[in-house]
Amino acid sequence: TIIACLGEDLGREGLRDTPRRYAKAIINMTEGYLVEAEEAVGGGIFEEDAAQDMVLVQDIAVYSLCEHHLIPFFGKCHIAYIPDARIAGLSKLARIVEMYARRFQIQERLTSQVAASIMDLTAPRGVAVLIEASHMCMSMRGVRQANASTSTSAFRGVFENDPALRAEFLNRIARR
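Residues numbered from 1 in each chain as written. Predicted model: local features only at pLDDT ≥ 70, side-chain atom pairs only at ≥ 80, totals over all residues. Heavy atoms only, no water.

## Some thoughts on helix α5 (residues 107–122)
(1) Moving on: The end-to-end C-alpha distance of α5 is 23 Å, a good match for the 22 Å that 16 residues give at a rise of 1.5 Å each.
(2) Moving on: Three or more residues of α5 are buried, namely Gln107, Leu110, Thr111, Val114, Ala115, Ser117, Ile118, Leu121 and Thr122. Projection of α5 onto a plane perpendicular to its axis shows the buried side chains occupying an angular sector of 160°, all on one side. Exposed residues lying more than 90 degrees from the buried face of α5 are Glu108 and Asp120.
(3) Moving on: Looking one or two residues beyond α5, the residue adopting positive phi is alanine 123, at roughly 45°. (Helix = DSSP H or I, 4+ residues; strand = E, 2+ residues; numbered from the N terminus. Expected span 1.5 Å × (residues − 1). Buried < 20%, exposed > 50% of the residue type's maximum accessible area, 1.4 Å probe, protein only. Arc of directions from axis to C-beta.)

This is the structure:
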């Protein structure tokens, strides 16, 4: 095992069950592979003609594993969408984020997957997703930049073509 290669004693009390605990933790941290978006939202998509303005959910916690180093990255996801006859239960947006985050990931793909999934499930007029995260692979190893953060965004539908709408999304997030 990796632990033995480092010269540690796997028989030591604190390490005796570590390989089993680690395997269990990895299974838990990657349980997003076991579910698809439709299952994650369950019955949480509703027909609603009256909702036509921006819906914004901010500060959804993101915990994921960088696929390059299997080291955590974590932060917040902000999602806005403009419905067109269908809305998602607000908690369902968080479930979509968690489902994709609980896979080996890169932040760029995670951001895009969340936007695409919301577009597919609710067929809105548009979706905006912004993820702000700190990557332990940059903090703990390599360049060791503990204060560095990464922002990624995805704009679909009306958010792609309307700079004022994009600006409203970004301004509302900045006011928090």
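Read on for the rest.
## Observations regarding the sheet that holds strand β7 (residues 150–157)
(1) Moving on: Spatial strand order, β5-β2-β3-β6-β7: five strands in an open sheet with mixed pairing. Both edges of this open sheet fall to β5 (104–105) and β7, since each of them pairs with a single strand only.
(2) Moving on: Where strand β2 (residues 55–66) meets strand β3 (residues 72–82), nine bridges bridge the pair, whose relative direction is antiparallel. Bridging across to β3, valine 55 finds its partner in tyrosine 81. (Pairing = 2+ DSSP bridges.)

## As for the pairing of strand β6 (residues 126–135)
(1) Moving on: By the criterion of burial, β6 is predominantly enclosed, with eight of the ten residues buried.
(2) Moving on: Bridge analysis of β3 against β6 gives ten bridges, and the strand direction is antiparallel. If you follow isoleucine 79 over to β6, its bridge partner there is valine 129.
(3) Moving on: Relative to β7, β6 is paired through eight bridges, and the arrangement is antiparallel. Looking at β7, one finds that valine 127 is bridged to arginine 156.

## Focus on the nonpolar core
(1) Moving on: In this structure, Cys77, Ile79, Leu110, Val114, Ile118 and Val129 are the most contacted members of the largest nonpolar core, which totals 31 residues.
(2) Moving on: Of all the elements in the fold, those that place two or more residues in this core are α3 (37–41), β2, β3, α4 (90–101), α5 and β6.
(3) Moving on: Among the elements that line this core, the one with the most residues is α4, at six residues.
(4) Moving on: In this structure leucine 110 touches Val62, Phe73, Val97, Tyr100, Ala101, Gln105 and Ile131, once residues within four positions along its chain are discounted.
(5) Moving on: Listed in part, the eleven residues of the second largest apolar core include Ile82, Phe155, Phe169 and Ile173. (Core = buried A, V, L, I, M, F, W, Y, C linked by side-chain atoms within 4.5 Å. Contact = heavy atoms within 4.5 Å.)

## Examining the packing of aromatic side chains
(1) Moving on: Counted under the stated rule, the structure contains three aromatic pairs.
(2) Moving on: For the ring pair tyrosine 33 and phenylalanine 104, a centre distance of 6.3 Å and an interplane angle of 65° mean the geometry is edge-to-face. Of this pair, tyrosine 33 sits in the loop between α2 (18–29) and α3 while phenylalanine 104 is found in strand β5, placing the two residues 71 residues apart along the sequence.
(3) Moving on: The partly exposed category is assigned to tyrosine 33, whose relative accessible area is 45%.
(4) Moving on: Looking at phenylalanine 104, the relative accessible area reads 27%, which means it is partly exposed.
(5) Moving on: Through successive ring pairs, a cluster of aromatic residues spans Phe155, Phe159 and Phe169.
(6) Moving on: When the ring centre of phenylalanine 155 is taken as reference, the NZ or CZ atom of arginine 166 above it lies at 5.8 Å. (Phe/Tyr/Trp six-rings, centres within 6.5 Å; stacked < 30°, edge-to-face > 60°. Lys NZ or Arg CZ within 6 Å of the ring centre and 35° of its normal.)

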